[in-house]
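# Architecture at a glance
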Amino acid sequence: MPRDRKTNRVRKFDLDGASLARLVDTMVLAAEMMFPIPKSGSEKRAWVIEQINDRVNIPVVGEKVEAQVIGFLVDFAIQMYNDIRGGNK
């Protein structure tokens, strides 16, 4: 993970909407593999949001709003995943 040389903190990247959507989808699928235990949805969601928020900068909004936006996208991706898996789409 790239780090800022001056502060030694993980560097965040600016992403456009399509790249962020792909990242969310990828991380949701990764969480499905990492947390196969039934009823672990809240752990999966928290992990995905944390992983994305640690690495992505959404320009113009603060950290708290970033987490809320990412949470919304994660919820949407999870619903789509569950719909597809359940045969609803």
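Residues numbered from 1 in each chain as written. Predicted model: local features only at pLDDT ≥ 70, side-chain atom pairs only at ≥ 80, totals over all residues. Heavy atoms only, no water.

On to the environment of serine 40, then. Examined against the element boundaries, serine 40 turns out to sit in the loop between helix 1 (17-34) and helix 2 (41-55). Taking relative accessible area as the criterion, serine 40 reaches 5% and is therefore assigned buried. A polar contact is formed between the side chain of serine 40 and the backbone oxygen of phenylalanine 35, at a distance of 3.3 Å. (Helix = DSSP H or I, 4+ residues; strand = E, 2+ residues; numbered from the N terminus. Buried < 20%, exposed > 50% of the residue type's maximum accessible area, 1.4 Å probe, protein only. Polar contact = N/O pair within 3.5 Å; in protein donor to acceptor, adjacent residues only side chain to side chain.)

Taking 1.5 Å as the rise per residue, helix 1 with 18 residues should run 26 Å; its terminal C-alpha atoms sit 25 Å apart, in good agreement. All of the buried residues in helix 1 are Leu20, Val24, Met27, Val28, Ala30, Ala31 and Glu32. (Expected span 1.5 Å × (residues − 1).)

This brings us to the confidence of the model for the protein. Per-residue confidence for the protein gives a mean pLDDT of 80; residues scoring 70 or more make up 83%. Here strand 1 (residues 13-14) stands out as the least confident element of the protein, with mean pLDDT 70; helix 2 is the most confident, with 89. (pLDDT = per-residue confidence, 0-100.)

Turning our eyes to something else, we now look at the nonpolar core. Core analysis: the largest hydrophobic core is formed by 16 residues, its most contacted members being Val24, Trp47, Val48, Ile52 and Val74. The set of elements that each furnish at least two residues to this core consists of helix 1, helix 2 and helix 3 (63-85). A per-element tally of this core places helix 1 first, with six residues. (Core = buried A, V, L, I, M, F, W, Y, C linked by side-chain atoms within 4.5 Å.)

Another aspect to go through is the packing of helix 2 against helix 3. Relative to each other, helix 2 and helix 3 sit at 130°, their axes nearing to 9 Å. Judged by the angle between their axes, helix 2 and helix 3 are oblique. Considering how the two elements wind past one another, helix 2 and helix 3 form a crossing that is right-handed. Here helix 2 contributes Arg45, Val48, Ile49, Ile52 and Asn53 to the contact with helix 3, which in turn contributes Glu63, Glu66, Ala67, Ile70, Gly71, Val74, Asp75 and Ile78. (Axes fitted to C-alpha atoms, helices over the stretch in contact; angles between N-to-C directions. Parallel < 35°, antiparallel > 145°, perpendicular 65-115°, else oblique. Left-handed = near helix turned anticlockwise from the far one by under 90°. Contact = heavy atoms within 4.5 Å.)

Turning our eyes to something else, we now look at unusual backbone geometry. A positive phi angle is found at lysine 39, which is not glycine, with a value near 65°. Here lysine 39 shows up in the loop between helix 1 and helix 2.

Close approach of charged atoms allows side chains with opposite charge to pair. Summed over the entire model, instances satisfying the criterion amount to two salt bridges. With its nearest N and O atoms 3.2 Å apart, the salt bridge here joins lysine 44 to glutamate 32. One end of the pair, lysine 44, is in helix 2; the other, glutamate 32, is in helix 1, and 12 residues separate them in sequence. Under the relative-accessibility criterion, lysine 44 is labelled buried at 14%. Classification of glutamate 32 by relative accessible area gives buried; the value is 16%. Measuring nitrogen to oxygen at the nearest pair gives 2.5 Å for the salt bridge that ties arginine 45 to aspartate 75. Highlighted residues: arginine 45 in helix 2 and aspartate 75 in helix 3, separated in sequence by 30 residues. Given a relative accessible area of 31%, arginine 45 falls into the partly exposed group. (Salt bridge = Lys/Arg side-chain N within 4 Å of Asp/Glu carboxyl O.)

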